[in-house]
Amino acid sequence: MLTRKSLFFCSLFASSAAIFPGCFEDESREIRLRQVESFEELERSDSIGKAMKYLPLTMRFDRTTAAKEVLNQLNAWSTPREDSSPWNRPALIDTVATDIRNDPLFARLGSMEFGEAECEYLLQSQMMSDLGFWVSERPYLDPLFQPWLEKQKEILPPDEGAALEKTLKLFDWTVRNVALEGTAKDVEALPLNPSLPLTDLGMGYRALPWQTLHFGRGDAYQRGRVFTQLLFQQGIPAVMLAMPMKNVTEPLSSFPSSDLHLWAIGVLIGSEVYLFEPRWGLPFPNADEPAVATLRQAKSDPNVLRRAKLPGRFDYPIGSADLKSLVAFIDVEPFSMGRSVQALQQSLTGENRMQVATDVASIASKLAVIDPSLDVRLWELPWLSQLYNQSVRNRINDRSPFSINYQITYGAYMNESLVSDARTAHFKGNFETNIDSDGAAKKYMNLRIDEETLAKLAYDRDIQQELQMIRKPNETQEEYQYRVGQAQGFYRTAKLDSNAFLGMLQFDLQNLEASTNWMDQRLLQIDGTERWRPQARYILGRVYEQKKEFDESFSWYKMDGSPQEAGNRIRMRLVEKINANK
């Protein structure tokens with residue numbers, strides 16, 4: 001495709017050829033072609049840079065200018081490659097249920113066209129890449145598993161030791177920064193793998209991983225997928241292990257995915273699959289040791305799963321005998337296998353470099369070597385998340401009970417909000433304010449708007465300007481006042497949520513006293529913060545554990561009402577054991 005600039009260069013070289021006719025004609029024509037191709041490739045590369053620049057702005061739910069610009073740039077890059085970018089359709093796509101994989105949303109997997117869903121996937125990849133980079137560079141903040149990790153790094157090849165350390169850091173960060181929703185008794189049953197039809201109460205798929213990260217809360221499998229997508233950016237594959245909950249007399253391959261029950265996250269490093277329990281918020285301990293169990297150990301040692309029980313408090317629904325028939329669902333986003341994204345991966349260089357494409361056949365081959373008994377499939381939940389997200393986009397502007405409830409719950413995070421700005425700074429690791437921009441800490445503080453200012457939002461033009469609540473052209477006064485009322489509610493929510501985010505951020509920075517203040521004084525002792533209280537107590541438990549004040553730490557872990565209570569109590573048991581041996 002010749003642009004205006006490339007046409008200018010064509011005409012320039014044509015003029016030169018007219019001056020030197022004859023024997024130079026063929027050579028000059030070849031030079032012209034090479035120059036034009038080089039310049040067009042530079043322009044296409046520039047299109048990628050522009051697209052990546054605009055990606056963070058596409059968090060807006062109304063998808064206006066930024067999304068259009070990203071799509072324009074990406075399709076400008078991809079269109080000339082239509083005939084030169086072959087695609088080998090992964091055979092594992094056929095393990096996805098027909099009614100899911102044949103949905104029109106996924107028709108573009110074999111196309112070079114980028115759509116809104118691919119754009120959102122790239123946004124997610126960018127966020128996870130930025131976050132994973134600085135979390136991986138900072139110290140590991142869980143003293144419970146640190147001694148075991150150091151021993152493993154001495155034993156394992158350097159690349160495997162580094163991958164294991166990154167895995168533990170990313171899991172710990174996710175558990176500390178994404179609050180768990182659900183009930184404490186959820187650990188006593190393995191949930192059924194989600195399938196169609198979608199519902200507004202469905203497990204695992206009601207938020208994309210970047211949205212769960214953004215909101216700072218989600219169910220066990222939403223939170224688990226934040227972890228696995230952070231791993232994906234580090235080149236570390238992960239699977240969701242599942243099983244039929246009945247005696248298996250026929251081949252495991254005959255069980256549809258919708259009849260399987262989800263168990264634990266498995267992370268592939270070297271020749272092992274390391275186990276993580278998303279409902280506990282813990283790596284799966286090897287029996288009663290503060291060490292991460294592998295699938296091999298869980299299968300061979302009955303004590304690994306036997307010690308998952310908390311007698312008199314929490315049961316655990318399976319034992320080692322149940323691990324004879326396991327399905328490994330590869331956890332990847334559908335668009336990571338698409339033709340356009342596969343081609344794009346090769347052109348992401350420099351500051352735009354991130355992992356967007358995946359080779360699921362390679363992951364399946366590794367699994368076959370590690371454990372040949374595993375039935376390997378693609379996990380359908382990421383596909384369902386995309387379908388549900390599309391449904392939300394279609395319904396969000398309706399005046400319906402769903403829309404009203406969704407905006408009450410998440411409205412503070414939608415569109416051009418100060419919350420989104422603060423969260424983005426946090427995920428990029430921009431903590432402190434400098435001469436160029438405010439850091440995440442100050443941005444969170446700016447969300448703590450007093451009631452007097454919020455009351456003036458209805459009529460004070462300066463405050464309206466500052467809080468980005470200007471009346472739109474052709475917007476009636478009634479419509480505008482309705483929007484102002486919404487904004488007041490959003491800012492009240494954001495004020496309380498920012499307290500939680502500041503407490504988590506201060507723990508990241510190891511400012512333990514500041515973290516304690518935000519979690520105790522600014523959350524647990526303030527009305528309206530109920531949704532954050534279990535997470536606040538968990539962070540406080542971690543603070544006092546780091547300070548080796550174990551009685552105080554355990555008093556926070558023991559408090560009832562946390563969906564993560566079983567994991568917190570198992571953590572207490574491990575802390576007691578490791579400190580009793582000192």
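Here the structure is a predicted model, which is why all the values come from computation and not from measurement. (Residues numbered from 1 in each chain as written. Predicted model: local features only at pLDDT ≥ 70, side-chain atom pairs only at ≥ 80, totals over all residues. Heavy atoms only, no water.)

J.: Honestly, the pairing of strand β9 (residues 327–330) in this entry has me stumped. Any pointers?
T.: The side chains of a regular strand alternate between both faces of the sheet. Across the two faces of β9 the burial is the same, with V327 and F329 and A328 and I330 all buried. When strand β3 (residues 238–243) meets β9, the two strands line up antiparallel, connected through 4 bridges. If you follow L241 over to β9, its bridge partner there is A328. (Buried < 20%, exposed > 50% of the residue type's maximum accessible area, 1.4 Å probe, protein only. Helix = DSSP H or I, 4+ residues; strand = E, 2+ residues; numbered from the N terminus. Pairing = 2+ DSSP bridges.)

J.: Would you mind showing me how to read the pairing of strand β4 (residues 261–269) here?
T.: Of all 9 residues making up β4, 9 are buried, and the element is well covered by its neighbours. Pairing of β3 with β4, which is carried by 5 bridges, proceeds in the antiparallel orientation. Bridged to V239 within β4 is G266. Direction of pairing for β4 relative to strand β5 (residues 272–277): antiparallel, over a ladder of 5 bridges. The residue of β5 that forms the bridge with L268 is V273. Counting the residues that bridge the hairpin from β4 to β5 gives 2 residues, and of these G270 lies at a positive phi of roughly 60°.

J.: I tried to follow the pattern of salt bridges on my own but got confused; where do I start?
T.: Opposite charge on two side chains permits pairing when their charged atoms draw close. According to the stated counting rule, one finds 32 salt bridges in the structure shown. If you follow the salt bridges from partner to partner, you end up with E150, K153, E165 and K169 in one network. (Salt bridge = Lys/Arg side-chain N within 4 Å of Asp/Glu carboxyl O.)

J.: Is there a simple way to explain the packing of aromatic side chains in this structure?
T.: Geometry of an aromatic ring pair is reported as the spacing of the ring centres plus the angle between the planes. Under the criterion given, the structure shown has 23 aromatic pairs. Geometrically, the ring pair formed by Y205 and Y388 is tilted, given 5.7 Å between the ring centres and 55° between the ring planes. Of this pair, Y205 sits in the loop between β1 (179–180) and α8 (209–215) while Y388 is found in helix α14 (residues 381–395), placing the two residues 183 residues apart along the sequence. Members of the aromatic cluster, connected to one another through ring pairs, are F215, F402, Y406, Y410, Y413, Y444, F501 and W532. Lying over the aromatic face of Y482, R399 brings its terminal NZ or CZ to 4.4 Å of the ring centre. (Phe/Tyr/Trp six-rings, centres within 6.5 Å; stacked < 30°, edge-to-face > 60°. Lys NZ or Arg CZ within 6 Å of the ring centre and 35° of its normal.)

J.: Whenever I open this one, the sheet that holds strand β10 (residues 375–378) confuses me. Can you help?
T.: Two modes of strand pairing occur in sheets, parallel and antiparallel, and in both the strands are linked by backbone hydrogen bonds. What the 6 strands build is an open sheet, ordered β6-β5-β4-β3-β9-β10; its pairing is mixed. Single-partner strands in this sheet number two, and they are β6 (282–283) and β10. Packed onto the sheet, helix α9 (residues 220–233) meets β3, β4 and β5 and runs at close to 15° relative to β4. (Contact = heavy atoms within 4.5 Å. Axes fitted to C-alpha atoms, helices over the stretch in contact; angles between N-to-C directions.)

J.: Explain the nonpolar core to me, please; I cannot follow it from the model alone.
T.: Across soluble globular proteins, nonpolar side chains show a tendency to be buried alongside one another. Grouped together as the largest cluster of nonpolar side chains are 165 residues, with contacts concentrated most on W263, I330, L367 and L378. For this core, the leading source of residues is helix α5 (residues 116–137), giving 10 residues. In contact with L378, other than residues within four places in its own chain, are L92, I93, T95, V96, F329, I330, V332, M337, V360 and W383. Core analysis: the next-biggest nonpolar cluster, separate from the first, contains 10 residues, I449, L454, V484 and Y491 among them. (Core = buried A, V, L, I, M, F, W, Y, C linked by side-chain atoms within 4.5 Å.)

J.: I'm lost on the packing of helix α21 (residues 512–524) against helix α22 (residues 533–546) in this one. Help?
T.: Relative placement of two packed helices is described by the angle separating their axes and the distance separating the axes. Where α21 meets α22, the axes come as close as 10 Å, and the angle between the chain directions of the two elements is 150°. Between α21 and α22, the crossing angle belongs to the class labelled roughly antiparallel. As for how α21 packs across α22, the hand of that crossing is left-handed. Here α21 contributes L512, S515, T516, M519, D520, L523 and L524 to the contact with α22, which in turn contributes R533, A536, R537, I539, L540, V543, Y544 and Q546. (Parallel < 35°, antiparallel > 145°, perpendicular 65-115°, else oblique. Left-handed = near helix turned anticlockwise from the far one by under 90°.)

J.: Please clarify how helix α7 (residues 158–177) should be interpreted in this entry.
T.: One turn of the α-helix equals 3.6 residues, which is why residues spaced by three or four share an orientation. Over its 20 residues, α7 extends 28 Å from the first C-alpha to the last, a length consistent with the 28 Å expected when each residue adds 1.5 Å. By the criterion of burial, α7 is predominantly enclosed, with 16 of the 20 residues buried. (Expected span 1.5 Å × (residues − 1).)

J.: Help me understand empty space enclosed by the protein in this model?
T.: Applying the stated criterion across every chain yields a total of 6 cavities of 30 Å³ or more. In this structure, the largest cavity encloses a volume near 90 Å³. As for the largest cavity, its lining consists of W134, V135, R138, P139, Y140, L141, K169, D172, W173, R176 and D508. Contributions of two or more residues to the lining of the largest cavity are made by α5 and α7. Top contributing element to the lining of the largest cavity by residue count: α7, with 4 residues. Its residues assigned to classes, the lining of the largest cavity comprises 6 nonpolar, no polar and 5 charged. (1 Å grid on protein atoms, 1.4 Å probe; cavity = no way out; pocket = protein on both sides within 12 Å on 5 of 7 lines; lining within 4 Å. Points joined across faces, edges and corners; volume = space filled by probe spheres on them. Nonpolar A, V, L, I, M, F, W, Y, C, P; charged D, E, K, R; others polar.)

J.: Where do I start with the side chain of Q124 in this structure?
T.: Following the sequence through the fold, Q124 ends up in helix α5. Here E333 takes part through its side chain, which lies 3.0 Å from a polar atom of the side chain of Q124. (Polar contact = N/O pair within 3.5 Å; in protein donor to acceptor, adjacent residues only side chain to side chain.)

J.: What's the story with the packing of α7 against α9 in this structure? I'm lost.
T.: Interaxial distance between α7 and α9 falls to 9 Å at its minimum, and their mutual angle equals 145°. The handedness of the crossing between α7 and α9 is right-handed. For the pair formed by α7 and α9, the contact residues are T167, L170, F171, T174 and V175 on the first element and R223, V226, F227, L230 and L231 on the second.

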